[in-house]
Amino acid sequence: MPKEIGHYVTRPGRRLGDAEVTIPVPKDLETAPGIPSRDEDISFYTREYPLESLAVEESAALDHMLDQQKRGSPEAVKHYEAHHKAMEPLDQYVRETGTLEPTAEPTGDDVTDAIRRKAKELGYGEVGFTRFDHRYLYLSQKRVLRYDLPHVICLAYEQDYEKTQATPSVQSEEAHNGSYERMGALTRELVEFVRALGYHVQATGPSVNYSPSIPMFVNAGLGQLGANGQLLSPLFGSWSRLQMIHTDAKVTYDEPVDYGIHALCQVCQVCVKRCPGRALMREKVWYRGVEKNPVSFDRCHPIVSKYLSCGVCMKVCPIGAYGMKAVMDHYVQTGEILGKGTHDLEGYSLPGKDYYGPDELPRFTEEEFYMPRGKSEDWILIEFRNKLMATKDDPTVDKDAMWDEFQEKVESAI
Ligand code: SF4
Ligand code: SF4
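Predicted model only: the values in this text are computed from it and were never measured.

Caption draft 1: Seen up close, the overall build of the protein chain. When helices and strands are counted, the protein chain shows 17 helices and 12 strands. Computed over C-alpha atoms, the radius of gyration of the protein chain comes to 23 Å, within 12% of the 22 Å expected from 2.2 N^0.38 for 414 residues, which places it in the range of a compact globule. The proportion of buried residues among the 414 residues of the protein chain is 38%. Nonlocal contacts in the protein chain, meaning residues at least 24 apart in sequence, comprise 75% of its contacts between residues at least 6 apart.

Written out as structure tokens, the structure is:
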């Protein structure tokens, strides 16, 4: 018997002119708009234990990932080199946007619709507006972000569908990184558009970030947090790349939405079951003031580093593969998850290993989960100390050369 509908959510289509999409949310999946949270706990944790970006907090792991990338196939190495090169000028531009002045006088009109329309014309699939929640600002970015730009424009750019199907592979890395490269050009156009409306901007992303973006996207009604730790947006799940533009433009905020995802994930669990690193947790926990399925960094990151950014949890998510409307329609009619248990949805290959259908998972050695944690400079010190201890009684080892190498590494890490 079909499920009883609790409410419907109507969203704009992918592109300008596309028909609206109406998503049924069954009563048994209703929880809270956005994400269940305790505001006072978020304030406490972000004040006492401020967030920091992985690039700073886990720089040793990121160095390890770059090292793994250099050991990839010639095709992969070529791709990563070209991508890093392509991103340099874009990242530089993004960093400088906060210094740019408006190029016209504002009229005083609300410009929400004008910005939304322009962003859609440029090719962003989802656009929303909300207040920037400063509690999420990374510690190291507190002196970099402009505090006089209270609003954020949240922008999601859908990556190539066909190439994403092949996750993980060089093709899916092209879809992922190619989206970043295309978003660079779009950012410039949208920044210029808002400046010409008479307002200031500071762009963040796609690879220069001042804060995590998912809390702002959820508040802007653009999706909900999935059990895979990613934003599930209505049209393309987590098969998208996110970006924000901070501004003082006169805009109207969107509201968080209950799409039913918070509860649906507990029924679905496909990503939890299919994760090659066994990094996703079935049960939800309260963490830093929000209720969510935690992700183990120690289990996920080594796989991400070694297998072309992995992304299996993104590939096997039915919301990304079929869209939220199709998944919810199917659930309402059958009480089941669309595609669950099929090779089409759950199958994947790991480069250099094998193909794994539903109910099959790869095995790894303990060594494959090796990954340094913490900051690069701290890790270099640990490695140096271990080397000193191991060679302390060996007169043939040149200790001066070891010190020189240590100093060089610390300087490079800093
Ligand atoms: S990226 Fe891979 S290893 Fe990490 S959580 Fe997703 S599926 Fe698991
Ligand atoms: S695969 Fe299923 S459980 Fe995982 S994020 Fe997608 S909908 Fe949620």
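Caption draft 2: Structural detail: unusual backbone geometry. Here the amide bond leading from T167 into P168 is cis, since omega sits at -5°, within 30 degrees of zero. Structurally, P168 is set in the loop between α6 (161–165) and α7 (170–196). With phi around 50°, R288 is a residue other than glycine that occupies positive phi space. When you line up the elements, R288 lands in the loop between β9 (285–287) and β10 (290–292).

Caption draft 3: Representation of the site of ligand 1 within the structure. What surrounds ligand 1 is a group of 13 residues, the closest being C275, G277, C300, C310 and C313. Contributing elements (two or more residues each) for the shell around ligand 1: α11 (297–306) and α12 (312–315). It is α11 that provides the largest number of residues to the shell around ligand 1, a total of three residues. For the shell around ligand 1, the class distribution of residues is 11 nonpolar, two polar and no charged.

Caption draft 4: Structural view of the sheet that holds strand β5 (residues 201–204). Strand order in this open sheet of four strands is β3-β4-β8-β5, and the pairing throughout is antiparallel. Looking along the sheet, the strands with just one partner apiece sit at the ends: β3 (126–131) and β5. Neighbouring strand axes in the sheet, compared pairwise and without regard to direction, differ in orientation by 20° on average. Direction of pairing for strand β4 (residues 151–158) relative to strand β8 (residues 240–247): antiparallel, over a ladder of eight bridges. Bridge pairing in β8 places Y157 opposite R241. With respect to the sheet, helix α5 (residues 112–122) is in contact with β3 and β4, its orientation differing from that of β3 by roughly 145°.

Caption draft 5: Up close: the site of ligand 2. Residues in contact with ligand 2 amount to 14 residues; listed here are only the nearest, G226, C265, C268, C271 and C317. Listing elements by their share of the shell around ligand 2, those giving two or more residues are α9 (261–268), α10 (270–274) and α13 (318–322). Among the elements that take part in the shell around ligand 2, α9 stands out by supplying three residues, more than any other. Its residues placed into classes, the shell around ligand 2 shows 11 nonpolar, three polar and no charged.

Caption draft 6: Inspection of the nonpolar core at higher detail. Among the nonpolar cores identified, the biggest contains 78 residues, and I153, C154, L155, F217, C271 and C317 are the most heavily contacted of them. Considering each element in turn, this core owes the most residues, six residues, to β4. Leaving out residues up to four positions away in the same chain, C271 has contacts with A227, N228, L280, C313, V316 and C317.

Caption draft 7: Summary view of the domain arrangement of the protein chain. Here the protein chain is described as being made up of domain 1 (1–374) and domain 2 (376–413). Spacing between the C-alpha centres of domain 1 and domain 2 amounts to 39 Å. Taken together, the five residues of domain 1 in the interface contact four residues of domain 2. The residue makeup of the side of domain 1 that touches domain 2, split by class, is two nonpolar, two polar and one charged.

Caption draft 8: Spotlight on helix α17 (residues 399–413). Compared with the 21 Å implied by 1.5 Å per residue over 15 residues, the 21 Å span of α17 between its first and last C-alpha is a close match. Among the 15 residues of α17, zero are classified as buried, and the element is accordingly described as predominantly exposed.

Caption draft 9: The arrangement of α7 in detail. Given a rise of 1.5 Å per residue, 27 residues ought to cover 39 Å, and the 39 Å separating the end C-alpha atoms of α7 matches this to within 8%. Regarding α7, the residues found buried are S172, E173, A175, H176, N177, S179, Y180, M183, G184, T187, L190 and V194. Of the residues flanking the end of α7, it is G198, one or two places downstream, whose phi is positive at about 105°.

Caption draft 10: Molecular detail of the environment of D378. Structurally, the position occupied by D378 is in helix α16 (residues 376–391). Note: C-alpha distance between D378 and R135 (243 residues apart in sequence) is 27 Å.

Caption draft 11: Quick peek at the packing of α16 against α17. At a minimum axis distance of 9 Å, the contact between α16 and α17 shows a crossing angle of 165°. It follows from the interaxial angle that α16 and α17 lie roughly antiparallel. The two elements α16 and α17 meet at a crossing, and its hand is right-handed. Where α16 approaches α17, its residues S376, E377, I380, F384 and K387 are matched on the opposing element by M402, F406, K409, V410 and A413.

Thresholds, definitions, all that
Residues numbered from 1 in each chain as written. Chains lettered and ligands numbered in written order. Predicted model: local features only at pLDDT ≥ 70, side-chain atom pairs only at ≥ 80, totals over all residues. Helix = DSSP H or I, 4+ residues; strand = E, 2+ residues; numbered from the N terminus. Rg over C-alpha atoms; globule rule 2.2 N^0.38 Å. Buried ≥ 20, exposed ≤ 12 C-beta atoms within 10 Å, placed from the backbone. Contact = placed C-beta atoms within 7 Å. Near = placed C-beta within 6 Å. Nonpolar A, V, L, I, M, F, W, Y, C, P; charged D, E, K, R; others polar. Pairing = 2+ DSSP bridges. Axes fitted to C-alpha atoms, helices over the stretch in contact; angles between N-to-C directions. Core = buried A, V, L, I, M, F, W, Y, C linked by C-beta atoms within 7 Å. Domains from an automatic or database assignment. Expected span 1.5 Å × (residues − 1). Parallel < 35°, antiparallel > 145°, perpendicular 65-115°, else oblique. Left-handed = near helix turned anticlockwise from the far one by under 90°.

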